[in-house]
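# Observations on chain architecture
Given next are the chains, with one letter for each unit.
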Amino acid sequence: MDSSLFQLLNYGVYGTAILVMLIGLYGALVKKSLLKVVIGLSVMESGLNLLIVALGYLKGGTAPIFSEGFLNGSNKIMVDPVPQALVLTAIVIGFGVTAVALSLVIRLYRHHGTLNIDEIRNLKW
Amino acid sequence: MVGTPVLFVAIPLLAAFLIPLLGMIWKELVRIVPGLVLMYLMVLSINLLNHVLVSGPIVEVIAGWAPPFGINLVFSAFSGFLVTLMIFLGLVVWLYSYRFKRNVGFEPAKKYFLLLMMLITGAVGIVLTGDIFNMFVFIEITGISGYGLTAFYTGRDSAEASFKYLMLGSIASTLLLLAIMILYSQLGTLNMAEIASKIHTVNPTYKVISLILFISALGIEAEIFPLNGWAPDAYAEAPGPVGAAFAGIVVKASVYAIIRYIFTIFDISGAYSFLIIIGMMTLIIAETAAIRQDKLKRMLAYSSIGQMGLVLVAFGFGTEEGVFAALFLMLNHAIIKSLLFLSGSYLVYNSKDKKIVEVNGMHKFLPITSFLFALGAFAIVGLPPFAGFWSKLSVLTAAADSHMLFVLALVLIVSVIELVYYLRVVNRIYFFKKGENVDPKKPTFNALLAMIVLGALILVIGFYPDVITGVIHKASADLMDKTKYINDVLSIKQ
């Protein structure tokens, strides 16, 4: 692949990731349904994870596994393994937060009988 | 040496996961084990702090990967001081809630102590770690256990307060991770010391974006205006001891993180003035909001936010004297605000709305609790001879020495506001007639003991500030010496 084309593609991936994050943020802040707010938060985290993985990518890099195949193969470039490890951690944390959020949503629904934020919010913001 | 810094993270985490299993053997173990763990950690942290004050920081390498590749824990005078403070407050909160005020079943009690241990693990980890991604993980641990503790009571609006906290917390964690990745993409390292030694090579645009993201993410946890929307609700809806734990442990850890980023990692001098500006805004807006509150715990929450603003102002002077004042203020705020939350929680115990008017004439029914609340109120306003006086005095002298007379004047004006709303409550406790349908509750023995320990500490620090100022001086010198921090960490070879 041409180098400038690769650069362009790279920026495309970054842009998409940031766009996904902004869509998630929009959902979390604007939507009225609590479930959609939780979905928005998850979408935002996914966008960030995409961005992190994209940051660690090198042109033509293979999976960062030190093996026979890598030693004997012609391709000697590995992608950066650190962002991938970070993303795994971030996904697990995101899973935990989403689980807590959904359990709170269930409790709010039982208490108020609705998921609409406007009808629930009696605490001053 | 009796132990290493990694025990501060490993032992409470292990205890947290063992609590449900131990509860199957004997139900009382659920309450006893956290106390034993915290007592052991208290002894350990005092020992290590004494060692560190004499012979320099302990840098511990985890899993045999020397810095900058692996994660390292740094127990220096500065971080050790904060760890000791947090563990002490954890111990007090445990003592206070050993027997709950309400009849709480075994299941909720188990979850409460589990989450409390997780909260302490996370907060201590934030302070000890030397790796920015590891700090992110600990911030998340603290956050998730904080959401759980806020939603402890099923009856009240606590689920809403918790959801609000969770929403802001998740947005904060996204911003924080983004900031970490911006730094990583520029420097290729996550180790704080190595980032600090290379930060001058980074393009200023990336540096500023990253710092702004860091401050806004951590500002949500540290209750900085305008990111503190969650705090009053969470404090008001969570149980009293959890409020004390937030004020004493979680917020302290987040402020530590902000300070570590500004003082050690980044080399942007404008950040100090920025700290003063956001600190002043937080202080003024929170204190004026506090005076308008009609619920006791919300008032205390706003006062807590204001105090954190003052801490940031003191850090913002950027001098060693300012750092000393800020650390002294953090210590006093942790002790005094915890006492106010713990005793205030009894004063409004049986009322439905937790209004301030319902504390009328409480001193006849709860003499000791009322006395301790009044003691805390006088101390936090800064009346001599209590602990708060010395910290406020050192903030004012630090301001005067940095030629920031405008800041000095504003702090004094805000102190008057503070005096008004605290004296209003104390006045109601002592000189008003008790309301008709208020039913006071006698404190349990262990709660009384916890409050008396805090009250005694306020008096001890008030009369003999020298017992603690030596440690704080060394801690502030340790924070200011950035080169030494970098050398200490990067010189470790495995």
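None of the values given here were measured: they were computed from a predicted structure. Counting of residues starts from 1 at the beginning of each chain's written sequence and follows it residue by residue. Chains carry letters from A onward and ligands carry numbers from 1 onward, assigned in written order. Predicted model: local features are reported for residues with pLDDT of at least 70 only, side-chain atom pairs are reported and counted for 80 or more only, and whole-chain, interface and lining totals are derived from all residues. To get the side-chain values, all heavy atoms of the structure are used, and hydrogens and water are removed first.

Another point: the pattern of salt bridges. Residue and element names in this part refer to chain B. Note on definitions: salt bridges are taken to be side-chain nitrogens of Lys or Arg within 4 Å of carboxyl oxygens of Asp or Glu. Under the definition given, this model contains ten salt bridges over all chains. The partner of glutamate 107 in a salt bridge is lysine 111, with the nearest N and O atoms 3.8 Å apart. Note that glutamate 107 and lysine 111 are positioned in helix α4 (residues 106-128) at a spacing of four residues, about one turn of the helix. Only protein chains enter the accessibility calculation, which uses a 1.4 Å probe; a residue is then buried when its area is under 20% of its type maximum, exposed when over 50%, and partly exposed in between. Looking at glutamate 107, the relative accessible area reads 38%, which means it is partly exposed. Lysine 111 sits in the partly exposed class, given a relative accessible area of 46%. In this structure, aspartate 233 engages lysine 164 in a salt bridge whose closest nitrogen and oxygen atoms are separated by 2.4 Å. Secondary structure elements follow DSSP: runs of H or I of four or more residues count as helices, runs of E of two or more count as strands, with numbering from the N terminus.

Glancing now at the packing of aromatic side chains. Residue and element names in this part refer to chain B. The pairing test for Phe, Tyr and Trp rings, Trp by its six-membered ring, is centres within 6.5 Å, and the orientation test on the planes gives stacked under 30 degrees, edge-to-face over 60, and tilted for anything in between. One pass over the full model with this rule turns up 24 aromatic pairs over all chains. When the centroid spacing of 5.9 Å and the interplanar angle of 70 degrees are considered together, the rings of phenylalanine 263 and phenylalanine 315 count as edge-to-face. One end of the pair, phenylalanine 263, is in helix α10 (residues 240-265); the other, phenylalanine 315, is in helix α12 (residues 296-316), with 52 residues separating them in the sequence. Assessed through its relative accessible area of 1%, phenylalanine 315 is described here as buried. Aromatic ring contacts, followed pair by pair, group Tyr147, Tyr165, Trp230, Tyr235, Phe246 and Phe341 into a single cluster. Look at NZ for Lys and CZ for Arg. If either is within 6 Å of the ring centre and within 35 degrees of the ring normal, a charge sits over the ring. Just above the ring of phenylalanine 106 sits the side chain of lysine 27; from NZ or CZ to the centre is 5.0 Å. The cationic tip of arginine 260 hangs over the ring face of tyrosine 485; the distance from NZ or CZ to the ring centre is 4.4 Å.

A word on the interface of chain A and chain B. Any pair of residues with heavy atoms lying within 4.5 Å of one another is described as a contacting pair. Between chain A and chain B, the contact holds 37 residues from the first and 34 residues from the second. Throughout, the accessible surface (probe 1.4 Å) given up by two parts as they are put together, summed over both, is called the buried area. Here chain A and chain B share an interface that buries about 3100 Å² over both sides, 78% of which is from carbon and sulfur atoms. Residues adjacent in sequence count toward polar contacts only when both atoms are side-chain atoms; beyond that, a polar contact is any pair of N or O atoms within 3.5 Å, and within protein one must be able to donate a hydrogen and the other to accept it. Counting every contact that joins chain A to chain B gives five residue pairs in polar contact (both at pLDDT 80 or more). Contributing elements (two or more residues each) for the side of chain A that touches chain B: α1 (3-30), α2 (34-55) and α4 (81-112) of chain A. The biggest single contributor to the side of chain A that touches chain B is α4(A), with 16 residues. Think of it as three bins: nonpolar holds Ala, Val, Leu, Ile, Met, Phe, Trp, Tyr, Cys and Pro, charged holds Asp, Glu, Lys and Arg, and polar takes everything else, Gly as well. Residues belonging to the side of chain A that touches chain B are distributed by class as follows: 27 nonpolar, five polar and five charged.

Turning to the environment of B:Ala245, a few remarks are in order. Residue and element names in this part refer to chain B. Within the fold, alanine 245 resides in helix α10. Residue class for alanine 245 comes out buried when judged on its relative accessible area of 1%. As for alanine 245 and methionine 181, which are separated by 64 residues in sequence, their C-alpha atoms are 31 Å apart. Sequence-distant contacts of alanine 245, defined by excluding residues within four places in its chain, comprise Val93, Leu119 and Val250.

This part takes up the nonpolar core. By size, the foremost hydrophobic cluster in this structure holds 226 residues, and its most contacted members are B:Phe8, B:Phe163, B:Val255 and B:Phe315. If we ignore the near neighbours within four places in the chain, the residues touching B:Val255 are B:Ala222, B:Met308, B:Val311, B:Leu312, B:Phe315 and B:Met330. Buried residues of nine kinds, namely Ala, Val, Leu, Ile, Met, Phe, Trp, Tyr and Cys, make up a nonpolar core once their side-chain atoms join them within 4.5 Å.

A few words on the packing of helix α13 (residues 320-347) of chain B against helix α15 (residues 387-401) of chain B. All names here are of chain B. Helix axes use the C-alpha atoms of the stretch in contact, all axes being lines fitted to C-alpha atoms, and the angles between their N-to-C directions lie in the range 0 to 180 degrees. Close contact between α13 and α15 brings their axes to 8 Å; oriented N to C, the two are set at 155 degrees. When the interaxial angle is binned, α13 and α15 end up roughly antiparallel. Our pair here, α13 against α15, has a crossing hand that is left-handed. Along the contact surface, α13 presents Glu321, Gly322, Phe324, Ala325, Phe328, Leu329, Asn332 and Ile336, while α15 presents Ala387, Gly388, Trp390, Ser391, Lys392, Ser394, Val395, Thr397, Ala398 and Asp401. In terms of residue class, the contact of α13 with α15 is built from nine nonpolar, six polar and three charged. For classification purposes, angles smaller than 35 degrees are called roughly parallel, those larger than 145 roughly antiparallel, those between 65 and 115 roughly perpendicular, and all remaining angles oblique. Handedness of each helix crossing follows the sense of rotation of the near helix against the far helix: counterclockwise by less than a right angle gives left-handed, clockwise gives right-handed.

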